[in-house]
Amino acid sequence: MIRKLTLRSMVAAVVVVASLSTSAPAVADGTEHGGWVPAPQEGFEQPAGARCDFAVRVQPVVDEVRKLVLAEYPDGSPRRELYTGKLIDEVTNLDSGAVTRVDASGTSLVEYAPDGSMTWYVTGPVLLGFRENAGSLPRGIWIVDGVYVVEFDPTYVHKTVTMVHGSTHNVCTDVD
């Protein structure tokens, strides 16, 4: 019997997989192949008007994010990856110097499609930037928290957030 996974069951699977203790298999020379690896998050800056009304910098101050490749395409590129780990970002208004810290430590199952699009199945908080008219949330830097899916078009410019349960908060308002 084929069972269609619901959004809720797909995200629940993310939580189960992330909670498993996964060890990498040893190869002949005793080294590890595969398994969890660090996945450092890059800081970035945006000019005034791009995400917030003012120029902004987002910089990780705690970054324990790691990833596990679950499936690959025949060419070796990732098809499905799991991301988890503590991530605390500092968001700075570069005009006024106002700063806030946000927890973006969600767990995501990421699926990469052959057309270049990508889908995240997420539990917990993730920081997402939205351009004007480029997604399901208004322009801003958003903490999205709960159980949800984020779909990216092949350019990664347009994003759609589909909430199962959770909340959104525009961090731009915290440093305005």
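Since the structure is predicted, the reported quantities are computational estimates derived from the model, not experimental observations.

*Asks:* Which parts of the structure should I look at to understand the overall build of the chain?
*Replies:* For the chain, the count of helices and strands is one helix and 12 strands. Along the chain, helices and strands appear, N-terminal first, in the series α-β-β-β-β-β-β-β-β-β-β-β-β. Every one of the 176 residues in the chain was classed for burial, and the buried ones make up 41%. For the chain, long-range pairs separated by at least 24 residues make up 52% of all intrachain contacts whose partners lie at least 6 apart in sequence.

*Asks:* Help me understand the sheet that holds strand β3 (residues 56–63) in this model?
*Replies:* Two modes of strand pairing occur in sheets, parallel and antiparallel, and in both the strands are linked by backbone hydrogen bonds. Overall, antiparallel pairing links the four strands, which are arranged β2-β3-β6-β7 in an open sheet. Edge positions in the sheet fall to β2 (44–46) and β7 (99–103), since each has one partner strand and no second. Averaged over all pairs of adjacent strands, the angle between strand axes in this sheet comes to 25°, irrespective of strand direction.

*Asks:* When you look at the environment of G43 in this model, what are you seeing that I'm missing?
*Replies:* Here G43 is to be found in the loop between β1 (37–38) and β2. Exposure remark for G43: the relative accessible area of 30% places this residue in the partly exposed category. Along the primary structure G43 and P60 are separated by 17 residues, whereas in three dimensions their C-alpha atoms are 6.2 Å apart. Beyond its immediate chain neighbours, meaning those up to four positions away, G43 contacts V58, Q59 and P60.

*Asks:* Just checking my understanding: could you explain the side chain of S117 for this structure?
*Replies:* Mapped onto the elements of the fold, S117 is located in the loop between β8 (107–112) and β9 (118–123). Assessed through its relative accessible area of 15%, S117 is described here as buried. Excluding anything up to four places from it in sequence, S117 contacts E111, Y112, F152, D153 and P154.

*Asks:* Is there a simple way to explain unusual backbone geometry in this structure?
*Replies:* With the exception of glycine, the majority of residues adopt a negative phi angle, and the majority of peptide bonds are in the trans configuration. Despite not being glycine, N133 has its phi angle at roughly 55°, a positive value. With respect to the helices, strands and loops of the structure, N133 is situated in the loop between β10 (126–130) and β11 (140–152). A positive phi is found at Y156, a non-glycine position, where the angle reads about 65°. Locating Y156 in the fold gives a position in the loop between β11 and β12 (159–170). Classification of Y156 by relative accessible area gives partly exposed; the value is 37%.

Basis of the calculations
- Residues numbered from 1 in each chain as written.
- Predicted model: local features only at pLDDT ≥ 70, side-chain atom pairs only at ≥ 80, totals over all residues.
- Heavy atoms only, no water.
- Helix = DSSP H or I, 4+ residues; strand = E, 2+ residues; numbered from the N terminus.
- Buried < 20%, exposed > 50% of the residue type's maximum accessible area, 1.4 Å probe, protein only.
- Contact = heavy atoms within 4.5 Å.
- Pairing = 2+ DSSP bridges.
- Axes fitted to C-alpha atoms, helices over the stretch in contact; angles between N-to-C directions.

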